[in-house]
Amino acid sequence: MTKVFPSLLSADFLKLQDELHALEKAGVDGVHFDVMDGQFVPNISIGFPILEAVRRGTSLPIDVHLMIDNPEAYIDDFCEKGADKVSIHVEATPHIHRAIQKIHAHGKEAGIVLNPGTSIEAIRPIIGDVDFVLIMSVNPGFGGQAFISSSLDKIRELKILREKLGLSFRIEVDGGVNAETAQQVVEAGADWLVAGSYFFNQEQYAQAVVTLKGEASS
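Residues numbered from 1 in each chain as written. Predicted model: local features only at pLDDT ≥ 70, side-chain atom pairs only at ≥ 80, totals over all residues. Heavy atoms only, no water.

**A look at the pairing of strand S5 (residues 109-114)**
Our working definition: Whether a residue is buried, partly exposed or exposed follows from its accessible area with a 1.4 Å probe, protein chains only, as a fraction of its type maximum: under 20%, in between, or over 50%, in that order. Strands here mean DSSP runs of E at least two residues long; helices mean DSSP runs of H or I at least four residues long; both are numbered from the N terminus. Any two strands between which DSSP finds at least two bridges are classified as paired. When the strands point away from the viewer, a crossover counts as right-handed if the path from the first strand over the helix to the second runs clockwise.
Of all six residues that make up S5, five are buried, and the element is covered over most of its length. Relative to S5, strand S4 (residues 85-89) runs parallel, the two sharing five bridges. Across the sheet, the residue bridging to His89 is Val113, located in S5. For the crossover from S4 across helix H4 (residues 96-105) to S5, the handedness is right-handed. By the bridge criterion, four bridges tie S5 to strand S6 (residues 132-136) in an arrangement that is parallel. Of the residues in S6, the one forming a bridge with Ile112 is Val133.

Below is the structure:
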C-alpha cells in the first residue's frame, strides 16, 4: 500500500499545531522531518526543539531525514527526542553500518539515502540491514525542485534487487513528488512518497492524500 509522508519543511510554522491536526485529519501516514546542517547540503533547517514540539503535538510517525555530515554523532538525540524512523545518507559517513546499528539500538526503523548521482552499488554492503531505502529524486537541500526523471530507473533497479535478494525493505521517494510523478514512481516500485511544496500548496490536504494515493495506486 502506498503511504504519504508530507514534508514539514513546507508547512506553515506560524501555526504548526494546526498544521499537524490538519494532517492527522487528512489521513496522512506520517510526517517527514528534514534536517540540514549547511555543510552536507547548502541549507540549514530545523532541529531538536522543533522535533520535540512536533512529537508533543502529534501521534503520527515522524520520519527524520538527516542531511548532515557525521550523522552518527546525532542519531541518539534524534531517536530520543521523537523520531520513529531515521534515514542517513550513504555519502555522509564512512561508518554507515555503525550508524544503522545505532538507529536500530533505539528500536527505530533505519533508512539509507541515495543522492541522484549515487548508484545503488554504494549501498549493497548494508542493504540487508535497513528497513527502507530513500531515493532522492532531486538534489537535497531545497524544496520546490523539479523531479529528476532518471530516478525512475534507479527505483526500478532497486525493486529488482529487492526481489532478487528476497528482502523486504520499503522504497521511499523524496523530491518533486506531485500527482503526476507520484503515479510514475509507484509504478516503478516506490512504496512511500514524500511530498513537500506540492502537498502544502493544496487547499484541501485530504484531497492531496487521495490524489497522491489514487493517482499512484499500486
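**Concerning the packing of helix H5 (residues 151-165) against helix H6 (residues 179-188)**
The cut-off we apply is this: Here the axes come from fitting lines to C-alpha atoms, over the contacting stretch only for helices, and the angles between their N-to-C directions go from 0 to 180 degrees. In this scheme, roughly parallel covers angles under 35 degrees and roughly antiparallel covers those over 145, while 65 to 115 is roughly perpendicular and the rest are oblique. Contacts: residue pairs with any heavy atoms within 4.5 Å of one another. Under the scheme applied here, ten amino acids are nonpolar (Ala, Val, Leu, Ile, Met, Phe, Trp, Tyr, Cys and Pro), four are charged (Asp, Glu, Lys and Arg), and all others, including Gly, are polar.
Taken N-terminus to C-terminus, the directions of H5 and H6 make an angle of 30°; their axes are 8 Å apart at the nearest point. Put simply, H5 runs roughly parallel to H6. Only Gln184, Val185 and Ala188 of H6 make contact with H5, whose side of the interface consists of Leu152, Ile155, Arg156 and Lys159. When the residues that make up the contact of H5 with H6 are grouped by side-chain class, the tally is four nonpolar, one polar and two charged.

**Comments concerning the UniProt feature "binding site: substrate" (unreviewed entry) in the protein chain**
Put simply, the rule reads: UniProt positions are given in the numbering used here, feature names are shortened, and annotations may be inferred rather than shown by experiment.
On the UniProt side, "binding site: substrate" (unreviewed entry) is annotated at positions that read Ser7, His65, Gly141, Phe142, Gly143, Gly144, Asp174, Gly175, Gly176, Gly196 and Ser197 here. Relative to the elements of secondary structure, Gly176 occurs in the loop between strand S7 (170-174) and H6. Excluding its chain neighbours within four sequence positions, the residues that come into contact with Gly196 are Ser7 and Ser10.

**Some words on the UniProt feature "binding site: a divalent metal cation" (unreviewed entry) in the protein chain**
Note the cut-off: Identification of polar contacts relies on pairs of N or O atoms within 3.5 Å, with a donor-acceptor requirement for protein atoms, meaning one able to donate a hydrogen and the other able to accept it, and with residues adjacent in sequence counted only if both atoms are side-chain atoms.
The residues that UniProt annotates with the feature "binding site: a divalent metal cation" (unreviewed entry) are His32, Asp34, His65 and Asp174. The annotated residues occupy 143 residues of the chain but converge on a single region, no pair of C-alpha atoms lying more than 10.6 Å apart. Setting aside residues no more than four positions away along its own chain, Asp34 makes contact with Ser7, Leu9, Ser45, Ile46, His65, Met67 and Asp174. Of note is the side chain of Asp34, whose polar atom sits 3.1 Å from the side chain of His32. Its place among the elements puts Asp174 in strand S7. Apart from residues lying up to four places away in sequence, Asp174 is in contact with His32, Asp34, His65, Leu134, Ile135, Met136, Ser137, Val138 and Val194. At 3.3 Å, the side chain of Asp174 and the side chain of His32 are in polar contact.

**Examining the side chain of Asp191**
Turning to its location among the elements, Asp191 is positioned in the loop between H6 and strand S8 (192-195). What makes Asp191 buried here is its relative accessible area of 13%. Within the structure, the side chain of Asp191 is placed 2.9 Å from the side chain of Arg162, a separation counted as a polar contact. The residues contacting Asp191, other than those within four sequence positions of it, are Met1, Thr2, Lys3, Arg162, Phe169, Arg170 and Ile171.

**Regarding the sheet that holds S8**
Strand order in the open sheet made by the eight strands is S1-S8-S7-S6-S5-S4-S3-S2, with parallel pairing throughout. In this open sheet, the two edge strands, each paired with only one partner strand, are strand S1 (3-6) and strand S2 (31-36). Recorded for the sheet is a direction-independent mean angle of 25° between the axes of neighbouring strands.

**Brief notes about H4**
The condition that has to hold: The arc in question is the one spanned by the directions pointing from the helix axis to the C-beta atoms.
Turning to H4, its buried residues are Ile96, Ala99, Ile100 and Ile103. For H4, the buried positions fall inside an angular range of 100° around the axis, keeping them on one side. Positive backbone phi, at 75°, marks Gly107, one or two positions downstream of H4.

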